[in-house]
Amino acid sequence: MKKSILLCFFTIFTLRLSSQEDLMSVSLDKSGVFKERKTSILNTIYKDELNNLYTIRTLESERSLLIDVFDSKFNKINSFEHKIERKHRISGGFFKQERLGFVEYYKNNRENKIEAFLYTSLKDKLEFSKKKIFEVTLDRYPSFLESVFSASKIDKDFKGNMSFSKSGNYNVFNIDSSDKKNEHHSIKVFDEDFNKLWEKEFDLPYKDKRFKLQEIKVSDKGEVFVLGKVYPKKKKEKGGNYHYELFKIVEGNVSSTKISVEDHFVATLELDLTQENKLSCIGFYSDINENRFKGVCSFILDTKNINIENSAFSPFTEQFLKDKYGESKDKELRNVKFKDVSYSKDGGMIITAEEFFITTTYVHNQYGGYTRISYNFDDIIVIKLDREGRLVWARNINKAQTSNYFSDPLMSFGTAQYNNDKYLILNAHKKMGELSGGRIKFRESFLWNATKNNTNLYIVKLNPNGDFIYKSLLSNKDEETPFNCRFIEQVSDNELILYGQRKNKKQFLKITIN
């Protein structure tokens, strides 16, 4: 009798998996395996109108920038290596029509300044020319170079970052000083050819330690928006002792709007420009402290006067709590980190996030012992807001992943948006867990940590109503390299590129959603 029940359950579970597999059509195309002695980090991938791929990688030693061109069959047709000299650092790259380029900083101690150089080339040639686009003095910005590339320095938000408008017609560098008196910024705005249009220096009425930069965006009109978190001296009775402030900078003016978190705690806000040319500030909120999460909060502002048009604090839905716990609980989440924001055809916003935390344990051995650090990538959170920022639905996909090194390619997940559906791609244990209420779990436990030999590459599809199906794409055991889904590049509407690396072996995988 027990065997019959088990056989029946297994048959039903297998049928459910098969039916889900049939509901999603994707095709896979893998490159051949190519070998390199040195380990590299993939920075980005671009695709041109001829379906050629342009990859930009950095050697782990950070001594070279590698640019390779592959045709539509993944055959390498061109390559370029830029040696990164001492006191030089690569900031970022771009691909625009026929040109490919990157920005490099140089710390010139002799003249007490930092210089920014632009390297550009026609994409077919990979013959780069160099020109200086700006410089800053070390007296005014003493920690500029270090702070661009590190979050562990004195002023964590102090960075000279490059932000492009969605059209690519404008890009902006924001430079934040480490002034002990007032928060000081320099905004430099360039056109698509990196000709400087204007720059503006301004001081904020806050000491540097009381202002933490959150994010910077530039509109397709060349307007610059800076979001910061402000810690005033006066204490609040309830909620977080801070407010957020949004600044709009144009060539002749700086204006601002304060964003109150009311009696809640909001650890961070994500700034973006919506498809309707509104400003959205999205975050998670708590009624306990900054490390807990009760729901999602949103602030929608117009771009002209940066007035708040809509604001909302929406607790997680009952469906979300059932997804996570199997039942509705009055319980706040912990350790939630934003992944990305995308947009649906109805003007709504799709937010993905992940539970991430670090644990340390002391392991005893015959020599005494050592401290082991574990990086935990747990549940996936997907939320839809309407165009006014109100919560439409929230879903939780159960996942448990742990590794002893942060850059493990089997950890976390990547996202894509196609035809009004949201896609998640992840490596997870081949033994899927189906939970009550139609829920699923990409499981792992102390008995079976994720390895190349026991994981599959999966794709999960969420439709506009928040209903999801999933499909196994390949078994990592049969692959020469595990594909890192954390850094997916969506190179066209329905094409995704993943990069695989194992020792000296490298490989690409293209996923086409049909």
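Residues numbered from 1 in each chain as written. Predicted model: local features only at pLDDT ≥ 70, side-chain atom pairs only at ≥ 80, totals over all residues. Heavy atoms only, no water.

Enquirer: So what's going on with the overall build of the chain? Residues and values would help.
Expert: Per the secondary structure count, the chain includes 3 helices and 38 strands. Residues counted as buried form 53% of the 514 residues belonging to the chain. Sequence separation of 24 or more characterises 50% of the internal contacts of the chain that already satisfy a separation of 6 or more. (Helix = DSSP H or I, 4+ residues; strand = E, 2+ residues; numbered from the N terminus. Buried < 20%, exposed > 50% of the residue type's maximum accessible area, 1.4 Å probe, protein only. Contact = heavy atoms within 4.5 Å.)

Enquirer: So, the pairing of strand 22 (residues 295–302): which residues are in play, and what are the values?
Expert: With 8 of 8 residues buried, strand 22 is to be regarded as a mostly interior element. In the sheet, strand 20 (residues 278–285) pairs with strand 22 via 8 bridges, with the strands oriented antiparallel. Residue Leu-279 lies in a different strand from strand 22, and its bridge partner there is Leu-301. Alignment of strand 22 against strand 23 (residues 308–315), held across 7 bridges, turns out to be antiparallel. (Pairing = 2+ DSSP bridges.)

Enquirer: So what's going on with the packing of aromatic side chains? Which residues, and what values?
Expert: Geometry of an aromatic ring pair is reported as the spacing of the ring centres plus the angle between the planes. Applying the stated criterion to the full structure yields 33 aromatic pairs. One residue, Lys-229, lies across the ring of Tyr-242, its end atom 4.2 Å from the ring centre. The positively charged end of Lys-339 is found above the aromatic ring belonging to Phe-413, 4.9 Å away from the centroid. (Phe/Tyr/Trp six-rings, centres within 6.5 Å; stacked < 30°, edge-to-face > 60°. Lys NZ or Arg CZ within 6 Å of the ring centre and 35° of its normal.)

Enquirer: Describe in detail the pattern of salt bridges, supporting the description with residues and values.
Expert: Enumeration over the complete set of coordinates arrives at 39 salt bridges. Here the residues in one salt-bridge network are Glu-36, Arg-57, Asp-68, Lys-76 and Lys-506, joined through shared partners. (Salt bridge = Lys/Arg side-chain N within 4 Å of Asp/Glu carboxyl O.)

Enquirer: Help me get a handle on unusual backbone geometry, residues and values and all.
Expert: In this structure, Phe-74 takes a positive phi of about 70° despite not being glycine. Inspection of the secondary structure puts Phe-74 in the loop between strand 5 (64–70) and strand 6 (76–83). The exposure class assigned to Phe-74 is buried, which follows from its relative accessible area of 9%. A positive phi angle, near 70°, is found at Asn-420, a position not held by glycine.

Enquirer: Which residues make up the sheet that holds strand 34 (residues 455–462), and what are the values?
Expert: Judged by pairing direction, the sheet is antiparallel, and its 4 strands sit side by side in the order 30-31-34-35 without closing on themselves. Two strands lie at the open edges of the sheet, namely strand 30 (413–418) and strand 35 (468–475), each paired on one side alone. Within this sheet the neighbouring strands show an average axis-to-axis angle of 25°, counted without direction. Of the strand pairs in this sheet, strand 31 (residues 421–429) and strand 34 are connected by 8 bridges, and their pairing is antiparallel. Counted as the bridge partner of Lys-422 is Leu-462 from strand 34. (Axes fitted to C-alpha atoms, helices over the stretch in contact; angles between N-to-C directions.)

Enquirer: Can you lay out the sheet that holds strand 15 (residues 211–218) for me, pointing to particular residues and giving the numbers?
Expert: The strand order 15-16-17-18 describes an open sheet built from 4 strands, whose pairing is antiparallel. One side of each edge strand has no neighbouring strand; the edge strands of this open sheet are strand 15 and strand 18 (253–259). Strand-to-strand twist of the sheet, defined as the mean angle between neighbouring strand axes without regard to direction, takes the value 20°. Strand direction decides the pairing type here: strand 17 (residues 243–250) and strand 18, joined by 7 bridges, are antiparallel. The partner of Lys-248 across the bridge, within strand 18, is Ser-255.

Enquirer: I'd like a rundown of the nonpolar core, residues and numbers included.
Expert: Formed by 36 residues in total, the largest nonpolar core has its most connected members in Ile-425, Leu-426, Phe-442, Val-460 and Leu-498. Beyond its immediate stretch of four places on either side in the chain, Ile-425 contacts Phe-413, Gly-414, Leu-457, Tyr-458, Ile-459, Cys-485, Ile-488, Leu-496 and Leu-498. (Core = buried A, V, L, I, M, F, W, Y, C linked by side-chain atoms within 4.5 Å.)

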